[in-house]
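# Chains, contacts and geometry: an overview
One-letter residues, chain by chain:
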Amino acid sequence: MGKLRLGHICEAVFWLALAAFLYIESFDFDRGIEIYKFGATGWPRALLLLVAVAAMGQFLFQFVVGDKATSGTVGAASDDGAEEAARQSGHSHFRWYVSTFSLLILPFLYMRSHDLVGMFLELDKEGIHSVKLIAAPVLLVVYLLLARGNHVGAILTLPLFFAAMLEDLGFYSMAPLFIVGVTLLMGERRPQWIALTAALIMGVLLFTFVSLLYVGLPTGNISPFYDLSHWIVTMIQ
Amino acid sequence: MDPFSNFITGTVTLFSDPLGILIFFGGVIGGMLFGAIPGVSMLTLAAILLPFTAHLSAEHGIMLFSVIYCTGVYGGAITAILFNIPGAPENAPTAFDGYPMTRNGQAGKAVGAAVMCSAIGGTVSAVIMMAATAPIANWAISAFGPPEIFALVFFGLAVAATVGARTLWKGWLSILLGLMIAVVGMDPVGGIERYDFDMPYLLAGIHFIPTILGFFAVSEIFVQAERKATGVYEAPKLSVNFPSVAELIAHKFAVVRSIVIGFFCGILPGIGATLAAFMGYNEAVRWSKDRKAFGTGKLEGVISSETANNAATGAAMIPLLALGLPGGALTAMMVGVFQMHDMEPGPLVFLNSPDLVWVVFAAMFFANLSILLVGFLETKTIINLLRIPFQFLAPLILLLATVGAYAVRGLVIDVVVMFIAGVAGFFLRRSGYSVAGIVLGLILGKIGEQTFAQAMQMLHFEWTGFFDRPIAALLIVAALLTVAGSIYSAFFRKN
């Protein structure tokens, strides 16, 4: 096995699987272009070949020398704190990855919740909204349960949850809750500071972007969140 | 009239018009502020202002965007240095040494160097732009066809693969990932949709602003959050000690070299300031006797990157005004401003609207000079952002990034893409991949494929045709030697 670790094998498998998947998908657009003999697939397939070569090169290099940085490379990655943080936190074992990816799936389940329910029930617009309104709290409870054992996973997932809900519930309703969530996850426990932070950030954002620059932020499309957003926008502008 | 007389006329026109003065200073301060606020960038401001320029004259609209361009490129260096969040891709190499300097308690020195070098690079570039737009544009246009531009992109990517990642292979995988992301959407020759997975959103491709915000701003918050969650977070050390004049003079060769590189890259359509900054940084490493110190907080890294990217701003106006070819995202928006006023940028602008051209040139010159004056004042205040505890700064940055990603096209899916890129960036960075490499691949991917296709058609699909053209041949050989040299170093040289 040389100096290989499980992580090295997973990395190589990831890149090769990605290249294989995208190669197979490229048959979907494998059509000729009259004036260009390489067609639409020539460039991406050449890149995928290079991905496979680089992944094998990386695998071979790790087999021979392990995790050492190569000579001749310069820059930040080994010094920007990310690798160091990963090492110090010990978040590199298999169970942590499984737990983190279980959390990360939740926002996507919310986004596709109406499709999942739609496989069993006929849903109109109202039905879709009802499914979303039920899915949001249910998945948030699941998130809170899973997050108890995985603090970093919870931090990674919360912004995705926020983004997933923006379309339906709107920026104006979700942003204050998001600020409170992030501040809590970062370790702040004093309620007055959390409330002040939420009020200040929302005040600055709404004044600058909505009142001054007339940027239309997402208002959501489910009542009563949509109505609340419109009321806030009307008040500000 | 000679360029100097034109410049004087442009200056008088600019500063004798109260609305022009207001727009000029609004652009200077707006570009600096949006560039320096973590999460949003000059592109966010430009995207927000684009519809409003319809109410301005063409002269004021183009002048506003050119001023935002100059000061925004500088402003992006502040967040790159203080938070490891480049305000724009052209500031990415600035973070390589700027952020380690902040962690070492030298934030003031790094920001001071960025102020000085951005002003020097931008002002010299503006002077060259005014003096030599016509001959330079003629030379670049005749000497650089698609084969040369593709060769330059290839060379730039070969160089970038050795910067920012833990190993050469990870550098290439990062760049290739960026190039693959750029493949999503319509193919540049036949308009055939690729990797859209039946999602209409993907037909237009993945926009680079949410991707950049995700890979840099969001992933940085995640990395710091992990450090905080595991109790190893250290707040950056605050300092406002600017570099001494002697320190800057000691780097005079780096400044001159970066101006030449920046100007040369900026003049080429589609290449712009991003590659200029990467190449400026990389050449600094190549010419240095102390290569190992780069990436750990070396002042020369900040100086080279910031001089080169601002030197590219003046040069980028040459293909835009002479040919109507934008060199980057912001100059592409300027094309939009021209079109809103029923004008097309190109050689006719010089004939039909000389006033516009010279007001814009004068505004860019003074905008770069004002970096020196306003930049120091702004730095003294912006640097205090580091005093805000991370638990309060993190939600602010994440929400600013959300607004920045959403404001570009008004699509919530861009926010989702940004946070997905943030999570991906978090995992890739902790495994030693380079997010800057991914972003460079993403930005150069489209132009790389387009110029490759055009070159192959021009050369009748004969690969050897590249070697019949001296500049293309030189660049391709240089790129191949860079790749071969780095592979040799990776396997056979002791670290």
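The numbering scheme is per chain: residues are counted from 1 as the chain's sequence reads. A letter from A marks each chain and a number from 1 marks each ligand, given out in the order of writing. In keeping with the model being predicted, local features are shown solely for residues with a pLDDT of at least 70 and side-chain atom pairs are shown and tallied solely at 80 or more, while totals for entire chains, interfaces and linings include all residues.

Another point: the overall build of chain A. Under the DSSP-based scheme used, a helix requires at least four consecutive residues in state H or I and a strand at least two consecutive residues in state E, with every element numbered from the N terminus. A tally of helices and strands in chain A yields 10 helices and 0 strands. Moving toward the C terminus, one meets the helices and strands of chain A in the order α-α-α-α-α-α-α-α-α-α. Comment: burial labels come from other C-beta atoms within 10 Å of the residue's own C-beta, placed from the backbone, where a count of 20 or more is buried, 12 or fewer is exposed, and between is partly exposed. Put simply, chain A has 237 residues, and 34% of those count as buried. Taking contacts inside chain A between residues at least 6 apart in sequence as the whole, the part at least 24 apart equals 65%. Residue pairs are scored as contacts if the distance between their C-beta atoms, which are placed from the backbone, is within 7 Å.

Residue and element names in this part refer to chain B. When you line up the elements, Val 483 lands in helix H21 (residues 470–492). According to the C-beta neighbour criterion, Val 483 is partly exposed, with 19 such atoms within 10 Å. Sequence separation of Val 483 and Ala 161 is 322 residues, and the distance between their C-alpha atoms is 8.6 Å.

In this assembly, 80 residues from chain B lie in contact with 70 residues from chain A. Of all the secondary-structure elements, those providing two or more residues to the side of chain B that touches chain A are helix H5 (92–103), helix H8 (168–183), strand E2 (193–194), helix H10 (208–229), helix H18 (390–409), helix H19 (412–430), helix H20 (435–458) and H21 of chain B. Broken down by element, the side of chain B that touches chain A gets its largest block of residues, 11 residues, from H18(B). Residue type decides the class: Asp, Glu, Lys and Arg count as charged, Ala, Val, Leu, Ile, Met, Phe, Trp, Tyr, Cys and Pro as nonpolar, and the leftover types, Gly among them, as polar. Grouping the constituent residues of the side of chain B that touches chain A by class yields 47 nonpolar, 19 polar and 14 charged.

For the rest of this paragraph, the subject is helix H13 (residues 272–287) of chain B. Here H13(B) spans 23 Å end to end across 16 residues, near enough to the 22 Å set by a 1.5 Å rise per residue. Burial runs high along H13(B): 13 of the 16 residues are buried. A helix is expected to reach a length of 1.5 Å times the quantity of its residues less one.

On to the domain arrangement of chain A. Split by domain assignment, chain A resolves into domain 1 (1–66), domain 2 (91–168) and domain 3 (170–237). An automatic or database domain assignment is the source of the domain bounds shown. Distance from the C-alpha centre of domain 1 of chain A to the C-alpha centre of domain 2 of chain A: 31 Å.

Okay, the confidence of the model for chain A next. Residues and elements named next belong to chain A. Confidence scores per residue from the predictor, reported as pLDDT, run from 0 to 100. Here chain A shows a mean pLDDT of 87. Residues at 70 or above account for 90%. Per-element confidence in chain A ranges from a low mean pLDDT of 67 for helix H3 (residues 82–89) to a high of 95 for helix H8 (residues 171–185). Confidence drops under pLDDT 50 across residues 75–79; counting only partners more than four residues distant or on other chains, this segment forms 24 contacts.

Once that is clear, we can look at the packing of helix H4 (residues 94–111) of chain A against helix H7 (residues 151–169) of chain A. Residue and element names in this part refer to chain A. Lines fitted to C-alpha atoms define the axes here, with helix axes fitted over just the stretch in contact, and angles between the N-to-C directions of these axes take values from 0 to 180 degrees. At their nearest, the axes of H4 and H7 sit 9 Å apart, and the two run at 5 degrees to each other. Our classification of the angle between H4 and H7 gives roughly parallel. Here Ser 99, Thr 100, Leu 103, Leu 104, Leu 106, Pro 107, Tyr 110 and Met 111 of H4 come into contact with H7, specifically with Gly 153, Ala 154, Leu 156, Thr 157, Leu 160, Phe 161, Ala 164 and Met 165. Among the residues making up the contact of H4 with H7, the classes are represented as 12 nonpolar, 4 polar and no charged. Any angle between 65 and 115 degrees counts as roughly perpendicular, while under 35 counts as roughly parallel, over 145 as roughly antiparallel, and the rest as oblique.

Here we take up the packing of helix H3 (residues 42–49) of chain B against helix H4 (residues 58–83) of chain B. Residues and elements named next belong to chain B. With their axes 9 Å apart at the nearest point, H3 and H4 run at an angle of 155 degrees to one another. As summarised for this structure, H3 and H4 are arranged roughly antiparallel, according to the angle between their axes. Across the interface between the two elements, Met 42, Leu 45 and Ala 46 of H3 pack against Phe 65, Ile 68, Tyr 69, Gly 72, Gly 75 and Gly 76 of H4. For the contact of H3 with H4, a count of residues per class yields 6 nonpolar, 3 polar and no charged.

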